[in-house]
Amino acid sequence: MTVPSVEIADVPAQLPEGAVLLDVREQDEWDAGHAPGALHVPMSEIGARLAEVPNDVQLYVVCRAGGRSARVTQYLNENGWEAVNVEGGMQHWEAAGRPLEGGADGMAPEVI
């Protein structure tokens, strides 16, 4: 099965109503820096927390580089969600100058 994917340039800077950025990185990665307004459900918890993932919206699934999010995208699509993988993940997000929030102990947000 081919996993539907989009480049960072194709992800709206301000997600429209009916779209959610789902960040599947682990807690320490999220804490270091994440996209404003993103929903955080780590890949390791996705099966147990499916009820938290909206199924009536377009999901943009993101991780650090795109591998984990591709697997989550495939899983969600096989189970009735409409999801696309964000290629290059948060590394490309940061490189494109997209906003980040978070950062531990007063540090500037960063993608780790």
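Keep in mind it's a predicted model, so treat the numbers as computed, not measured.

Q: Give me the overall build of the chain: which residues, what numbers.
A: The helix and strand inventory of the chain stands at three helices and five strands. When the helices and strands of the chain are listed from N to C terminus, the series reads β-β-α-β-β-α-β-α. Computed over C-alpha atoms, the radius of gyration of the chain comes to 13 Å, within 12% of the 13 Å expected from 2.2 N^0.38 for 112 residues, which places it in the range of a compact globule. Counting only C-alpha atoms, the chain reaches 40 × 30 × 25 Å along its principal axes. Going through the 112 residues of the chain one by one, you find that 44% of them count as buried. Here the analysis covers contacts within the chain between residues at least 6 apart in sequence; of these, 64% occur between residues at least 24 apart. Looking at the chain as shown, the accessible area adds up to about 5700 Å², and 49% of this sits on carbon and sulfur atoms. In the chain, 6 side chains carry a positive charge and 18 a negative one; their mean positions are 5 Å apart.

Q: How would you summarise the side chain of Glu29 if you had to cite specific residues and measurements?
A: Turning to its location among the elements, Glu29 is positioned in helix H1 (residues 27-32). At 2.8 Å, the side chain of Glu29 and the backbone nitrogen of Glu26 are in polar contact. A polar contact of 2.9 Å, which involves the side chain of Glu29, links it to the side chain of Arg68. Setting aside residues no more than four positions away along its own chain, Glu29 makes contact with Arg64, Arg68 and Ile112.

Cut-offs and rules
- Residues numbered from 1 in each chain as written.
- Predicted model: local features only at pLDDT ≥ 70, side-chain atom pairs only at ≥ 80, totals over all residues.
- Heavy atoms only, no water.
- Helix = DSSP H or I, 4+ residues; strand = E, 2+ residues; numbered from the N terminus.
- Rg over C-alpha atoms; globule rule 2.2 N^0.38 Å.
- Buried < 20%, exposed > 50% of the residue type's maximum accessible area, 1.4 Å probe, protein only.
- Contact = heavy atoms within 4.5 Å.
- Areas by Shrake-Rupley, 256 points an atom, 1.4 Å probe, with all protein chains shown as cover.
- Lys, Arg positive; Asp, Glu negative; His and termini not counted.
- Charge placed at Lys NZ, Arg CZ, Asp CG, Glu CD.
- Polar contact = N/O pair within 3.5 Å; in protein donor to acceptor, adjacent residues only side chain to side chain.

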